[in-house]
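Understanding the architecture of this molecule
Given next are the chains, with one letter for each unit.
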Amino acid sequence: MPTNFTVVPVEAQGGERDSAERDAWRQEEEEDNRDRGSGDGISRESSPFINSAEMDRGNMYEGKNMALFEEEMDSNPMVSSLLNKLANYTNVTQGVVEHEADEDSKRKEVKVPRMGTFIGVYLPCLQNILGVILFLRLTWIVGTAGVLESFIIVFMCCACTMLTAISMSAIATNGVVPAGGSYYMISRSLGPEFGGAVGLCFYLGTTFAGAMYILGTIEILLTYISPSAAIFKAEEVGEETEAMLNNMRVYGTCIIILMAIVVFVGVKYVNKLALVFLACVILSIIAIYAGVIKTAIDPPDFPICLLGNRTLSKRSFDVCAKFTERNNETKTTNLWLLFCNSSLPTAMCDDYFSLNNVTEIQGIPGILSGVLIDNLWSTYSEKGSIVEKKNQPSVSGSEDIKIAGRPYVFTDIMTYFTVLVGIYFPSVTGIMAGSNRSGDLKDAQKSIPTGTILAISTTSFIYLSCIVLFGACIEGVVLRDKFGEAVNGNLVVGTLAWPSPWVIVIGSFFSTCGAGLQSLTGAPRLLQAIARDGIVPFIQVFGHGKANGEPTWALLLTAAICEIGILIASLDSVAPILSMFFLMCYMFVNLACAVQTLLRTPNWRPRFKYYHWTLSFLGMSLCLALMFICSWYYALIAMLIAGCIYKYIEYRGAEKEWGDGIRGLSLNAARYALLRVEDGPPHTKNWRPQLLVLLNLDCEQLVKHPRLLSFTSQLKAGKGLTIVGSVLQGTYLDKCVETQKAEENVKALMAVEKTKGFCQIVVSPSFRDGISHLIQSAGLGGMKHNTVLMAWPQSWKQTENHFSWKNFVDTVRETTAAQQALLVAKNIDLFPTNQERFTEGNIDVWWIVHDGGMLMLLPFLLRQHKVWRKCKMRIFTVAQMDDNSIQMKKDLQMFLYHLRLNAEVEVVEMFENDISAFTYEKTLMMEQRSQMLKQMQLSKNEREREAQLIHDRNTASRSAPAVKASVAAAMPEKVQMTWTKEKFVAEKHKNKDTNVSGFKDIFNMKPEWGNLNQSNVRRMHTAVKLNGVVLNKSQHAQLVLLNMPGPPKNRKGDENYMEFLEVLTEGLDRVLLVRGSGREVITIYS
C-alpha cells in the first residue's frame, strides 16, 4: 500500500527568543564547547564530511528538536546537511584542465561539461590502441609468423588486455576514482609501495611509447613520404641500416624538442587536435577494408620481381627482366648490370643469376586468389636472409660471396615467435585512456567498463580480421618485406588500401604524430600525480610546475627519458621495452582485483558485476607469461627496477594509509598463521625468546631506561615477537591523552633503537594490576610472549618508593605462575647502545641450577649482534664438597659440544665453612630494615616511635665493649655492602684462629644474633659467598648472566628477597638475572 509523506516543519514552542538572550545563549554554548571537544570529551577521526568547519553552528542549534544530539553536532553533522554534499561529491583532476581554466577564468564559475561513454572513454581508448604497429608492422608480422601464429599472438595480447579491462572495471566502479587512472587504482588497492613502483613503471612505459610513436613518424617520413630528406646517406653497400638509424636519431631529437615546446605552450591545442588524429586512424582503417573489398572485384596492379624464388628490390632498377627488345635489338637491362660485370650478353655474371629466370608475380592477387593457404604457416629467418617465395622453382648456385651487394630484399633482424610478441604487444596498450579521464566523465562507474570493453572488442576485431585479410589478399614475400622495397618503396598496407596508398601513409603519419603528442602530454601528468602523493621522496620536485598547474619539470624529465628511446633509434628494439612496463602495470591491476575479491573486504562493492577472481588471476598469469615470452632479460630488468622502487618507498617513502588490499592480505595471512600456531606450544628447536619488555615512564611519559630497548634489539635482532609494554596509573577516561602521548614516545624510541615489535600501554588503577594485566593478556593466540624483560628497581630501598620492591617480587611470582621466563637487567644504564662495539671481553654465564638452558641460549643470541660479536663466552658452574670437579668439567664440555656452542668451561669449587660475623651482621641489618618497612603502615606517631626504639637499640648494642672488640672489622659506621677479596681473606684467617668455643663466646656477646631467622642467615651466607666467587672470576666481564633464585613462598620475607639479590650482584657492572620458564629451550638434537 503506497504511503504519502509530507514534511511539516515543527515550530519551536514559546516563539522566538529575544536577540540578546539568543546571543548570550550562543556565547555560553561556544564557551562550553570550547572546553570539551565533544560530548564524551574524545576527539573524533577527521573526515571530509565530519568535523567540517564550514557548517554554521548557529543555525544548527536554533531549534530544540535535536537537543539530545546537540553535543555531538560539533563533530558529527546532521544527515540533512550531509546528504547534499555526498550526492554532489566531485573529484578534482590533477593538471588536466588547469591550462584552459587559467586562460578562461569563467570556466571556474561554469561547470565543465561532463563527457559520456562514447566521447569520454570509447574514442580515447580507440585512438590509443590503434596506432603505429597496425600500419608499419602488422603485415610483416603476418608474413613472418603466418596467419595461424599471428592469430595466436594477437589473441593472447587481446585476451590479456580484455581480462585486465574486466579487473580494471571492477576497481574503477568500486567508488569514486579521481584522475590518475591506473596509478590511483593500484596504489589505493595494493598500497603506496606497489602503487609507486607500478605507477613509475607505467610512466616509463608511456614515455617510451612516446619515443616509439616518434620513431614511427620518422620512419613513415623518411621511408615512404620523402626519402630524399635523409641527412645521412649510405656510401657503401650494407651501410643503409646504420645511415637510417642516424637519421632517426637526428630527426627524432628535433621532433621531440618541437613536441615538448608544443605541449609546454599549448596543451589545449593537443586536446583539440585529438579528434582530428583519431579521424585519420579511422579513415585509414576504412580505406584498408575498402581495398580488401576491391581486390575481390579488381585487384590492384603491384607486380613483384623474383629471381628464382628470391625477391628483388625495385629501388635500383625499373624493368623486371634480364634482356629487353629495343629497335629489334636485344639489350641488357639495369638488372643485368647489378649482377654482371658489364652490359654485354657475354659478361661474367652471378652464378645464381645465370641459373635462374626472372619472373613477375602480382603482389596483391586478391582475396579470392587462394594465397591464404600459402600464408598460413610461419617463415622465420636469420638476420640478413633473403626474402624468398615458397614453392617457387629455384636452382641454387655456388656460394655467392658478394650477396650483400645484390638488389635482394633482406631481413633486418632475426625473427622468431617471442620477438614478434614483444613487437606487437604495444599495439594493444592504451586501455587505460578512459580511466585516466575518470574525473571528466559524467558517470565514470558506468562509462569506464562499457567504453573500455567495447573499445577492446572493436580493436580486437579489427586486428584479428586484418590478420586474416592480409594473409588472404597479399603475397607472402610482400608481407615479409618490412619496408616495401619490392613494391617501389610503398607502405605495404598502403598497397592494399583504396583509393590510394597515400590515404594510409598520410593517415598513419598524422596518427603517430598525435599519439606521440598524447604520450608527452599524459606522462608528465602521471609523474606529477605520483610526485604530489609524496610517496617517492626523490621525485617530489616534479610535482611542481607553472602557476596554472602545468608540470614543467616533469615534462623536461619525460623529454629526456624519451630521448633515450630515440637514441636507440630502432622501433623494433623500443617496442619490447615499453611492452615490459605496460605488462607489469596490467599484471598488478589484475592482482589488485584478485586480492580485493579474495579478501572480501566490506568496502569491496563494485557496480561492475561481471568479474571473478579466477579471471583476474588468469589475466595476471598471462601478463607475467607475456613478459618472459617477449624478452626474459627485459622482464628481469623491469622487475628489478620495480623491486628497487618498491624497497626504496618501503625504506624512505612517506607513510600512507590508504586502506590497501596488501594490508588486508597481511591481516588475513596473520589470522591464518595465528590459528595454525594456536594448535600447540612450539617445539624446543623452534623456541626463541618472545619478549614482553616492561618499561617505566616518567611524569612526561618518556622512557626512563632507553637502554632496555637497545638490549632488546641486540637480543632479538628483529626476529620473533617483541611487545613493549608500560603501565599508567589512573583511569582510561582521565588518561586517554597521556596514553596516546606515551605510545607515541615509546614507538619513536623503538624506531630509534630499531626494535621491531608492538607497543601496548595499559591504564590501571594500580601499577601492580597493570603489570599483571600485561603478563596475562599481552599478545594474541599463539603469538604470545614467553619471556618478560624488565629493569632492576634501583630505588627499591627508598622509603618514598616502598611499593616498587613489592611490585617487583609479585612480577617474579606471576611470571613463574604463567610459566614464563624472566630476565632482569641490573644497572641497565651501563649496558651498551646499538652503536657501541665491544672489541674484546667475555660474556660470563654462572650456571648454578638448570632452568631449561636459557643461560646457554641467551649469550649465543647476543653474540649474533654486532655489539657482542667479538666477546667470548665463558661458562662457570659451582662444585660442592662431594662433587668431582674434573669430571664435571669434562661432562660440561661434552654437553656444550653437542649443543654446538663454543665456550670456555670452568668449575669453581665452593667448600663448606662457618658462617662469618659479616654475614650475621648483614642479616641483622636486613631484618631490622624489614621491621621498619612493616611499620610504614602504622600512624605517623607510631612510626616515629618505632623508628626511635630501633635506633636506641642499635645505639645500646654498639656501645657494648665486647661487641666493639669482636665486630669492629666486620661492621664499620657505614655498612659495606660489597664483600671484597680482602675481607674474605681476613675472615678466613679469623675463622682459623678462632675455635668453636671462642665463636660461641662471640655469639653470646651479640644477643640480637640469637633472635635471627636461621633460614635468612643461610640465604645471606650463600649470597655473600657466591658474590665473592663471581667477583673473583667475572668482575671485568662485559656481561654476567646469573641464575635468579625464586622468591620465598612465605610472602612475609619479600623485602629480604630483594636484599639477597642485591648482595648476590654487588660489585658487578652489568648483570642479567635469568629465571627459566620450567621447560627446555635448547636441545642437542637436529
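Everything quoted here is computed from the prediction, not taken from an experiment.

Observations regarding the sheet that holds strand β10 (residues 821-826)
The mixed open sheet is built from 10 strands, whose spatial order is β8-β7-β6-β9-β10-β15-β14-β11-β12-β13. Every interior strand has two partners, whereas the edge strands, β8 (758-764) and β13 (904-909), have only one. Going from strand to strand, the sheet's axes swing by 20° on average, the running direction of each strand aside. Helix α25 (residues 707-716) contacts β6 (691-695), β7 (722-729), β9 (787-791), β10 and β15 (1071-1075) of the sheet and is inclined by roughly 170° relative to β6. On the sheet, helix α27 (residues 767-777) packs against β6, β7 and β8 and is oriented at approximately 155° with respect to β7.

Considering a nonpolar patch on the surface
Together, Leu-624, Phe-628, Trp-632, Tyr-633, Leu-636 and Met-639 make up a nonpolar patch on the protein surface, roughly 570 Å² of accessible area in all. Elements supplying a minimum of two residues to the nonpolar patch: α22 (613-630) and α23 (632-652). Top contributing element to the nonpolar patch by residue count: α23, with four residues. Tracing the sequence through the fold places Leu-636 in helix α23.

As for the packing of helix α7 (residues 138-172) against helix α14 (residues 417-424)
Look at α7 against α14: their axes get within 10 Å of each other, and the N-to-C directions meet at 70°. The pairing of α7 with α14 is recorded here as roughly perpendicular in orientation. Each of Leu-138, Trp-140, Ile-141, Thr-144, Ala-145, Glu-149, Ile-152, Ile-153, Val-154, Met-156, Cys-157 and Cys-158 in α7 lies in contact with α14, whose residues at this interface are Phe-417, Leu-420, Val-421, Ile-423 and Tyr-424. Here the residues of the contact of α7 with α14 sort into 15 nonpolar, one polar and one charged.

Thoughts on empty space enclosed by the protein
Scanning all chains against the criterion turns up six cavities of 30 Å³ or more. Its volume calculated, the largest cavity comes out at about 60 Å³. Broken down by class, the residue content of the lining of the largest cavity amounts to one nonpolar, two polar and five charged.

Overview of helix α20 (residues 552-568)
For α20, built from 17 residues, the straight-helix expectation of 24 Å at 1.5 Å per residue is met to within 8% by its first-to-last C-alpha distance of 25 Å. In the stretch just after α20, Ala-569 is the one whose phi turns positive, near 75°.

A closer look at the pairing of β6
Counting buried positions along β6 gives five out of five residues, so the element sits mostly inside the fold. The two faces of β6 match: Leu-691, Val-693 and Leu-695 on one face and Leu-692 and Leu-694 on the other face are all buried. Examined bridge by bridge, β6 and β9 share four bridges and lie parallel to one another. Each residue of the ladder has a partner; that of Leu-692, found in β9, is Val-788. Bridge count for β6 against β7 is five bridges, and the pairing is parallel. Bridge pairing links Leu-692 to Ile-723 in β7.

Brief notes about the sheet that holds strand β1 (residues 303-307)
If you trace the three strands from one edge of the open sheet to the other, you get β2-β1-β5, paired in antiparallel fashion. Pairing within the sheet leaves two strands with one partner each, and these edge strands are β2 (310-311) and β5 (358-362). Relative to β5, β1 runs antiparallel, the two sharing five bridges. Bridging from a neighbouring strand, Leu-307 pairs with Val-358 of β5.

Some words on the environment of Leu-728
Here Leu-728 shows up in strand β7. Each C-alpha atom, one on Leu-728 and one on Asp-698, is 9.9 Å from the other, the two residues being 30 residues apart in sequence. Not counting chain neighbours up to four residues away, the residues in contact with Leu-728 comprise Leu-697, Gln-701, Glu-738, Thr-739, Ala-742, Ile-761, Val-762, Val-763 and Ser-764.

Considerations on the environment of Ala-825
Its place among the elements puts Ala-825 in strand β10. Assessed through its relative accessible area of 0%, Ala-825 is described here as buried. What Ala-825 contacts, discounting residues up to four positions off in sequence, is Leu-708, Met-790, Ala-791, Trp-792, Phe-831, Val-1071 and Leu-1072.

Quick word on the side chain of Ser-726
The residue Ser-726 is located in strand β7 in this model. Here Ser-726 falls in the buried class, since its relative accessible area comes to 2%. Ser-726 has contacts with Leu-695, Leu-697, Gln-760, Ile-761, Val-762 and Leu-774, leaving out every residue within four places of it along the chain.

Let's talk about a negative patch on the surface
Negative charge collects at one region of the surface, where Glu-235, Glu-239, Glu-240 and Glu-242 lie side by side. When you line up the elements, Glu-242 lands in helix α10 (residues 240-265). A residue is classified by how much of its surface remains accessible, and Glu-242, at 44% relative accessible area, is partly exposed.

Quick notes on the state of the cysteines
Disulfide: a covalent bond formed between the sulfur atoms of two cysteine residues. Scanning the entire structure with this criterion turns up two disulfides. The side chain of Cys-305 participates in a disulfide bridge whose partner is Cys-320; the two sulfur atoms lie 1.9 Å from each other. Between Cys-305 and Cys-320, the S-S dihedral sits near 85°, and the bridge is therefore right-handed. Within this pair, whereas Cys-305 is found in strand β1, its partner Cys-320 is found in the loop between β2 and β3 (323-326), the two being separated by 15 residues in sequence. Taking relative accessible area as the criterion, Cys-305 reaches 0% and is therefore assigned buried. In the chain, the bonded cysteines, taken in the order they occur along the sequence, pair up as 1-2, 3-4. This cysteine, Cys-158, is not joined by any disulfide, and Cys-157 carries the nearest cysteine sulfur, 6.8 Å off.

Concerning the confidence of the model for the chain
When pLDDT is averaged across the chain, the result is 78; 74% of the residues are at 70 or more. Confidence drops under a pLDDT of 50 for residues 89-112, and excluding neighbours within four residues, the segment shows 36 contacts in the predicted structure. Taken together, the stretch residues 955-981 has pLDDT below 50 and engages in 38 contacts with residues farther than four places along the chain or on a different chain.

Examining the pattern of salt bridges
Applying the stated criterion across every chain, the model contains 17 salt bridges. Of the charged contacts, one joins Glu-388 and Arg-310 as a salt bridge, the two residues approaching to 3.9 Å between their closest N and O atoms. Here the residue Glu-388 occupies a position in the loop between β5 and α14, and Arg-310 occupies one in strand β2, the gap between them amounting to 78 residues. The closest approach of N and O atoms between Glu-906 and Lys-1033, which form a salt bridge, is 2.5 Å. Pair noted here: Glu-906 is in strand β13 and Lys-1033 is in helix α36 (residues 1014-1034), with a separation of 127 residues, a long-range link. Overlapping salt bridges bring together Arg-137, Glu-219, Asp-412, Lys-482 and Asp-572 as one network.

Comments concerning a positive patch on the surface
A surface patch of like charges, here positive, comprises Lys-754, Arg-837, Lys-866 and Arg-869. For Arg-837, the position within the fold is in the loop between β10 and β11 (842-847). Assessed through its relative accessible area of 44%, Arg-837 is described here as partly exposed.

Details of the packing of aromatic side chains
Enumeration according to the criterion identifies 24 aromatic pairs in this entry. With a centroid separation of 6.4 Å and 15° between ring planes, the pair formed by Phe-208 and Phe-581 is classed as stacked. Residue Phe-208 is located in helix α9 (residues 192-225), and its partner Phe-581 is located in helix α21 (residues 571-599); the two are separated by 373 residues in the primary sequence. Grouping residues by exposure puts Phe-208 and Phe-581 together as buried. Where Trp-604 meets Tyr-611, the ring centres are 5.9 Å apart and the plane angle is 80°; that geometry is what we call edge-to-face. In this pair, the class of Trp-604 matches that of Tyr-611, namely buried. Each residue in the set Phe-323, Trp-336, Phe-339, Phe-353, Tyr-408 and Phe-410 is aromatic and connected to the rest through ring pairs, giving one cluster. The ring of Tyr-408 has Arg-310 sitting right over it, with the charged end atom 5.2 Å from the ring centre. In this structure, Lys-482 is placed above the aromatic ring of Trp-140, and the distance from its NZ or CZ to the ring centre is 4.2 Å.

Reading the values: the criteria
- Residues numbered from 1 in each chain as written.
- Predicted model: local features only at pLDDT ≥ 70, side-chain atom pairs only at ≥ 80, totals over all residues.
- Heavy atoms only, no water.
- Pairing = 2+ DSSP bridges.
- Helix = DSSP H or I, 4+ residues; strand = E, 2+ residues; numbered from the N terminus.
- Axes fitted to C-alpha atoms, helices over the stretch in contact; angles between N-to-C directions.
- Contact = heavy atoms within 4.5 Å.
- Patch = residues over 30% accessible without salt bridge, like charges linked within 9 Å, V, L, I, M, F, W, Y side chains within 5 Å.
- Areas by Shrake-Rupley, 256 points an atom, 1.4 Å probe, with all protein chains shown as cover.
- Salt bridge = Lys/Arg side-chain N within 4 Å of Asp/Glu carboxyl O.
- Parallel < 35°, antiparallel > 145°, perpendicular 65-115°, else oblique.
- Nonpolar A, V, L, I, M, F, W, Y, C, P; charged D, E, K, R; others polar.
- 1 Å grid on protein atoms, 1.4 Å probe; cavity = no way out; pocket = protein on both sides within 12 Å on 5 of 7 lines; lining within 4 Å.
- Points joined across faces, edges and corners; volume = space filled by probe spheres on them.
- Expected span 1.5 Å × (residues − 1).
- Buried < 20%, exposed > 50% of the residue type's maximum accessible area, 1.4 Å probe, protein only.
- Lys, Arg positive; Asp, Glu negative; His and termini not counted.
- Charge placed at Lys NZ, Arg CZ, Asp CG, Glu CD.
- Disulfide = S-S within 2.5 Å.
- pLDDT = per-residue confidence, 0-100.
- Phe/Tyr/Trp six-rings, centres within 6.5 Å; stacked < 30°, edge-to-face > 60°.
- Lys NZ or Arg CZ within 6 Å of the ring centre and 35° of its normal.

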